[in-house]
Amino acid sequence: MALNLRQKQTSLIVRMLNLNQSPSPGGGISSSSSAAAPTTAEGEEVYKILIMDGFCRSILSPLIRVNDLRSHGVTLFFGIDKERQRVPDVPALYFVRPTPENVDRIAADASRALYDSLHLNFSSSLPRPLLDRLASRLVESGAADRVSRVFDQYLEFVSLEDALFSLAQPRTYVHINDPAAGDREIEEIVERIVGGLFCVLATLGVVPVIRCARGGPAEMVASALDARLRDHLLAKPNLFSEGGGMAASFQRPVLCIFDRNFELAVGIQHDWSYRPLVHDVLDLKLNRVTLPGEKTAVKSYELDDSDPFWAANSWSPFPKVAEEIETQLSKYKQDVDEVNQRTGGKDGVEFDGTDLIGNTKHLMNAVNSLPELTERKKMIDKHTNIATVLLGHIKERSLDGYCDCENDMLVKGSVDRSMLLGLLRGKGTKEDKLRLAITYLLSFETPPPAELEQIETALRESEVDMYAFQYVKRIKSLNTSFAASSASASRGNIVDWAEKLYGQSISAVTAGVKNLLSAGRQLALTRTVEALMEGKPNPEVDSYLFFDPRAPRTGSGAQFKGPFREAIVFMIGGGNYVEYRSLVELGQRSQPAKHVIYGATEILNGVEFVQQLTELGQKMGLGGGGLTQSQ
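For clarity, every value in this text was computed on a predicted model and none was experimentally measured.

Q: Got a minute to help me understand helix H7 (residues 183–204) in this structure?
A: Because each turn of an α-helix spans 3.6 residues, side chains separated by three or four positions in sequence point in the same direction. Helix length check: H7 (22 residues) gives 32 Å between terminal C-alpha atoms against 32 Å at 1.5 Å per residue, within 8%. Looking at the residues trailing H7, positive phi occurs at Gly-205, about 75 degrees.

Structure (C-alpha cells):
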C-alpha cells in the first residue's frame, strides 16, 4: 500500500475533531449531514464549537466539508481573531498555530469563561516559552481548570491531493534569494521549512533517506532536517516509534529536496492541460475555483478527486476536455430521454394489470436514477461553465499560441522568430508576454544579440515591466561567467560575489542552466528523481549529498542508495502542477510502479512566480519599465 498523505492527515483531523479519541463507527468523512454526532464512552452525544486561525482553516478546507464537521458534532466554527459571544456548557476545540497572538487569545477566552472547557490543538509543536506564557496567563486569571488537554498535532501543511502537498509558506523564493537577507533571516526561513517537512514525515510515520544537490537552500534544509530527525529519534517513544508508515511500506522512502532555481522555466511557462490551465488562468486555490457570474454574483466550485470528470480529464489537453464535456452532455440527454420514454403513457392503449405493474417498475427505476442524473447534470454544468470562461481567456489572449511557441523552444530548441515577436506585440496580458520572453531567455544558452534586442524592444513597446526579465538575464549572465571561469583561479572571487548577491542559492542556479536546455519533454526534476530512486551510478546525481537520520553520526556503515519504490519530492521556492503531472507519470510508467509524493513551500502559477522574480529584480536595482541594463 502506497503512502497516502491526504488520507493520513484526514484521519488525524477526524480524531482531533472527536476530542482526540477514535471516532465512533460510522463517524468518518461523509457527505451526509444526517450522520449522528459522536458520543462519549457513556453514550452521550458531544457537541462542540471549533475555533481556528486562518492558516489552520486552510488546512481543513480541502479535506473537511461543513457537513463533515456536523457529523463530528461541530455545530459552529469561528475565527480566533473574531469577537465571539459566550456559549456556556459547550466545549470548544481550538486548532491554531503556536504563536504568541493565538496563545494570548486562548488565555483571554479562558479568563472570560466563553466556553465550558477548552481542548487545545496546535498545528505543530508548542515551544516551551509559549507553553509557559499560556500557563502563567491562565494561572493569573484563575482559569487554568478550563483547559482540558493540550495537543501538538504536527499537521502544519496543506494536503491538496493524495500525493500533493503545500507548506503554504508564501514568497519563500523571494525571502531566500533576497540579496539583503542576513544569516539570521535565512536560518529562520530554513527553520520554518524544516518544521513543515517534519510535520509531513510525522503524519506519514516515516523517516526517509534524504538526498539533495550540494550547496544552496536544498543542502541547508536537508542538513537541518537530518539534525531535527536525529534529535527526535533519541527520545523513546517518539512519533516514529510505531512505524505506522513502515508497516505499509517494506522499505523507507527517499526524500529528494530541490531549490526552485534548479529548473526555472517550468515555473514560468504556459501549459495546455486542463488542470494547469485552471490553476494559471482561473487561480485555483485550495482545490476551489471562483468564476464571475451574472449581475456581479460569483460561482464557486470544488475541484478534487471526488469529482469523477476532474479525476478522469484534468491532465488532458484543453480541446480534448471540451470534446469530453460534449460527449458527457449527449450521453446525459440520451439517458434522460430513455427515462422519459420508460415512464411515459402509451397513447391509445388501455392500461391493464400487467401494464400497471410494468409501469410501476419503470417509475421506480426512474425515481432511483434521478439522484445520479441530477449529480451528473451538476458536474456537466460545472465543467461547461469553467471551460467556457477558459475558452474566453484562450481566445482573448491567444494562449494556444503562447503554449506552442514555448513548447517549441523548451522541447525542440527552436523558435519561429516571427511568431515570437507577433505574440509579444499582439494579444495577451503583459504577464503572458513577460513569461514568453523569459522562457526564450532560458531556452537558449547564447541567444543572438540582435534577436534579444528585438525581444526587449517588443517588450518595451508593450509597456511590460522589465524587472523579472533583467533579473533572469543577470542570473544567466552570472552562470556563464561562472562556467567560463570554473577552471581558473578567479573562480573563488566569482563564487564569493555570486553568494553575496544572490544569497545561498547560486550553486543551484548554476546547476540549473543545463537542465533547462535538456532535450525531450521529460523535466530535469523528473529525470533526476528517477535516477535517485534507481540508486545506480549516474553522473547526474553521483555528487548528490546523502543523509540518513537513522544511521550513526560517524558515517560508518553502508549507505542504502536504492532502489526506492517510494519518494517524497520537495521544491523550495514554489511548485506547480506541470512538475506534479510529470512525477505522477514517472510513477505510472515505472515497472514495477513507483509512488511519488510531491510538495513545495507553496503551489504557484506562472503569474505568481514572475511577480516574485519582479520583486527580486527591484531589490537588485536592475531597472524596470523597459530600461535595458547591461549584463
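More follows now that the structure is in view.
Q: Please explain the sheet that holds strand E9 (residues 254–259) as it appears in this structure.
A: Picture the strands of a sheet paired through backbone hydrogen bonds; they go either parallel or antiparallel. With respect to topology, seven strands assemble into an open sheet ordered E6-E7-E14-E13-E9-E8-E12, the strand pairing being mixed. Single-partner strands in this sheet number two, and they are strand E6 (158–161) and strand E12 (545–547). Between one strand and the next, the sheet's axes are offset by a mean angle of 20 degrees, whatever the strand orientation. In the sheet, E6 pairs with strand E7 (residues 164–166) via three bridges, with the strands oriented antiparallel. Following the sheet pairing, Glu-161 is matched in E7 by Leu-164. Sitting on the sheet, H7 is in contact with E7, E9, strand E13 (566–572) and strand E14 (595–600), with an inclination near 160 degrees to E13.

Q: Would you mind showing me how to read the pattern of salt bridges here?
A: Pairing between side chains becomes possible if they bear opposite charge and their charged atoms approach one another. Under the definition given, this model contains 35 salt bridges. Among the ionic pairs, Arg-65 bridges to Glu-302, the shortest N-O distance being 3.0 Å. Taken as a pair, Arg-65 in the loop between helix H2 (54–60) and helix H3 (66–71) and Glu-302 in strand E11 (residues 298–302) lie far apart in primary sequence, 237 residues in all. Look at Arg-65 and you get partly exposed, because its relative accessible area is 36%.

Q: Is there a simple way to think about empty space enclosed by the protein in this case?
A: To find the voids left in a structure, one rolls a probe of water-molecule size over its atoms. As enumerated under the stated definition, the model contains four cavities of 30 Å³ or more in all. One number sums up the size of the largest cavity: a volume of about 120 Å³. As for the largest cavity, its lining consists of 16 residues, of which Gln-269, Pro-276, Val-578, Asn-605 and Gly-606 are closest to the centre. Examining the composition of the lining of the largest cavity, we find that three residues originate from one element, helix H10 (residues 274–282), more than from any other. Per-class residue counts for the lining of the largest cavity are six nonpolar, seven polar and three charged.

Q: It is not clear to me how the sheet that holds strand E5 (residues 147–152) should be interpreted in this structure. Could you clarify?
A: What the five strands build is an open sheet, ordered E2-E1-E3-E4-E5; its pairing is parallel. Edge strands, defined here as strands with exactly one partner in the open sheet, are strand E2 (74–79) and E5. Sheet twist, expressed as the average angle between the axes of neighbouring strands with direction ignored, equals 20 degrees. Pairing of strand E1 (residues 48–52) with strand E3 (residues 87–96) involves four bridges; the strand directions are parallel. Opposite Met-52, over in E3, you have Phe-95 as the bridge partner. Each of E1, E2, E3 and strand E4 (115–122) touches helix H1 (residues 5–17); the most contacted strand, E3, lies at about 155 degrees to it. The strands that helix H4 (residues 100–111) touches are E3 and E4; relative to E4, the one it contacts most, it runs at about 165 degrees.

Q: Would you mind showing me how to read the side chain of Arg-211 here?
A: Relative to the helices and strands, Arg-211 is located in strand E8 (residues 209–212). Asp-542 provides the closest opposite charge to the buried, unpaired Arg-211, separated from it by 6.6 Å. Other than its neighbours up to four places away in sequence, Arg-211 contacts Val-254, Leu-255, Cys-256, Ile-257, Leu-532, Val-541, Tyr-544, Leu-545, Phe-546 and Lys-561.

Q: Please explain the side chain of Glu-156 as it appears in this structure.
A: Counting through the fold element by element, Glu-156 comes out in the loop between E5 and E6. In terms of polar contacts, Glu-156 uses its side chain to reach the side chain of Ser-123, at 2.4 Å. At 3.3 Å, the side chain of Glu-156 and the side chain of Ser-124 are in polar contact.

Q: Quick question: what am I supposed to make of the packing of helix H14 (residues 399–412) against helix H16 (residues 430–443) here?
A: Describing two packed helices takes the angle between their axes plus the distance from one axis to the other. Closest axis-to-axis distance for the H14/H16 pair is 9 Å, and the angle between their directions is 10 degrees. Of the possible angle classes, the one that applies to H14 and H16 is roughly parallel. Across the interface between the two elements, Leu-399, Tyr-402, Cys-405, Glu-406, Met-409 and Leu-410 from H14 touch Asp-432, Lys-433, Arg-435, Leu-436, Thr-439, Tyr-440 and Ser-443 from H16. Here the residues of the contact of H14 with H16 are counted per class, giving seven nonpolar, two polar and four charged.

Q: Looking at this model, I keep getting lost on the environment of Ala-531. Mind explaining?
A: Assignment of secondary structure puts Ala-531 in helix H21 (residues 524–534). Judged by relative accessible area, which is 7%, Ala-531 ranks as buried. Measuring from C-alpha to C-alpha, the distance between Ala-531 and Pro-563 comes to 9.3 Å, with 32 residues separating the pair along the chain.

Q: Sorry if this is basic, but what is going on with unusual backbone geometry here?
A: Among all residues save glycine, negative phi is the norm, and among peptide bonds the norm is trans. Look at the link from Lys-236 to Pro-237: it is a cis peptide, with omega at -5 degrees. Here Pro-237 lies in the loop between helix H8 (216–233) and helix H9 (244–248). In this chain, Gln-591 is followed by Pro-592 through a cis amide linkage whose omega measures -10 degrees. Of note, Pro-592 is situated in the loop between helix H22 (577–589) and E14. Located in the positive-phi region is Asn-20, a residue other than glycine, with phi close to 60 degrees. A residue is classified by how much of its surface remains accessible, and Asn-20, at 13% relative accessible area, is buried. Even without glycine at this site, Ala-113 takes up a positive phi of about 55 degrees. Here Ala-113 lies in the loop between H4 and E4. Residue Ala-113 is classed as buried on the basis of its relative accessible area, which comes to 15%.

The rules we used
- Residues numbered from 1 in each chain as written.
- Predicted model: local features only at pLDDT ≥ 70, side-chain atom pairs only at ≥ 80, totals over all residues.
- Heavy atoms only, no water.
- Helix = DSSP H or I, 4+ residues; strand = E, 2+ residues; numbered from the N terminus.
- Expected span 1.5 Å × (residues − 1).
- Pairing = 2+ DSSP bridges.
- Axes fitted to C-alpha atoms, helices over the stretch in contact; angles between N-to-C directions.
- Contact = heavy atoms within 4.5 Å.
- Salt bridge = Lys/Arg side-chain N within 4 Å of Asp/Glu carboxyl O.
- Buried < 20%, exposed > 50% of the residue type's maximum accessible area, 1.4 Å probe, protein only.
- 1 Å grid on protein atoms, 1.4 Å probe; cavity = no way out; pocket = protein on both sides within 12 Å on 5 of 7 lines; lining within 4 Å.
- Points joined across faces, edges and corners; volume = space filled by probe spheres on them.
- Nonpolar A, V, L, I, M, F, W, Y, C, P; charged D, E, K, R; others polar.
- Lys, Arg positive; Asp, Glu negative; His and termini not counted.
- Polar contact = N/O pair within 3.5 Å; in protein donor to acceptor, adjacent residues only side chain to side chain.
- Parallel < 35°, antiparallel > 145°, perpendicular 65-115°, else oblique.

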